[in-house]
Amino acid sequence: QVHLVDSGGGSVQAGGSLRLSCAASDNALLSNCMGWFRQAPGSERAGVARLNPGTGITNYADSVKGRFTISRDNAKNAVYLQMNDLKPEDTAMYYCALVRCGTWYDVGYWGQGTQVTVSS
């Protein structure tokens, strides 16, 4: 059983930055592909960034390319999402999840979510 805990959300003004963290209960992050997703009110959950720890390959949604960076720290069993130049449209609940490598399909393990609110 894998437990993921999201943290780091908050309220910022447009142009600001936040770093989200996802901590895992065991070494799951070392060998599993990870993704960050977000869901705004009235919208479906959508993939934002994903990371393949085996290849180091990262992928991003077009809306966040150049502004968001996904990374991991094996020693801390954590995955991060650095978000820069935040925009009001980035406002959403953000979740980390284990994903099937090369896809946005989750494999059933999600964090509880952390709220990001960006004001104009």
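Below you will find a few notes about this structure. Bear in mind that the values here come from a model prediction, so they are computed numbers and not experimental data.

Regarding the pattern of salt bridges
Now for step 1: On inspection of all chains with the given rule, the structure shows 3 salt bridges.
Now for step 2: In this structure, the salt-bridge partner of Asp90 is Arg38, at a minimum N-O distance of 2.9 Å. With Asp90 in the loop between β8 (78-83) and β9 (92-99) and Arg38 in strand β4 (residues 33-39), this pair connects stretches of sequence that are 52 residues apart.
Now for step 3: Asp90 is paired through a salt bridge with Arg67; the nearest N and O atoms lie 2.8 Å apart. Separated by 23 residues along the polypeptide, Asp90 in the loop between β8 and β9 and Arg67 in the loop between β6 (58-60) and β7 (68-73) bring together distant segments of the chain.
Now for step 4: The exposure class assigned to Asp90 is buried, which follows from its relative accessible area of 0%.

A few points about the state of the cysteines
Now for step 1: Counted by the stated rule, this structure contains 2 disulfides.
Now for step 2: Residue pairing for Cys22: its cysteine sulfur links by disulfide to Cys96, the two sulfurs lying 2.0 Å apart. Torsion about the S-S bond of the Cys22 and Cys96 cystine: about 60°, corresponding to right-handed handedness. Note that Cys22 is positioned in strand β3 (residues 18-24) and Cys96 in strand β9, a separation of 74 residues in sequence. Both residues of the pair, Cys22 and Cys96, count as buried.
Now for step 3: Here Cys33 is linked by a disulfide to Cys101, with a sulfur-sulfur distance of 1.9 Å. The chirality of the disulfide connecting Cys33 with Cys101 is right-handed, given an S-S dihedral of about 100°. Separated by 68 residues along the polypeptide, Cys33 in strand β4 and Cys101 in the loop between β9 and β10 (106-110) bring together distant segments of the chain.
Now for step 4: Given a relative accessible area of 3%, Cys33 falls into the buried group.
Now for step 5: Take Cys101: its relative accessible area is 42%, and that puts it in the partly exposed class.

Basis of the calculations
Residues numbered from 1 in each chain as written. Predicted model: local features only at pLDDT ≥ 70, side-chain atom pairs only at ≥ 80, totals over all residues. Heavy atoms only, no water. Salt bridge = Lys/Arg side-chain N within 4 Å of Asp/Glu carboxyl O. Helix = DSSP H or I, 4+ residues; strand = E, 2+ residues; numbered from the N terminus. Buried < 20%, exposed > 50% of the residue type's maximum accessible area, 1.4 Å probe, protein only. Disulfide = S-S within 2.5 Å.

Purely geometric numbers; function is a separate question.
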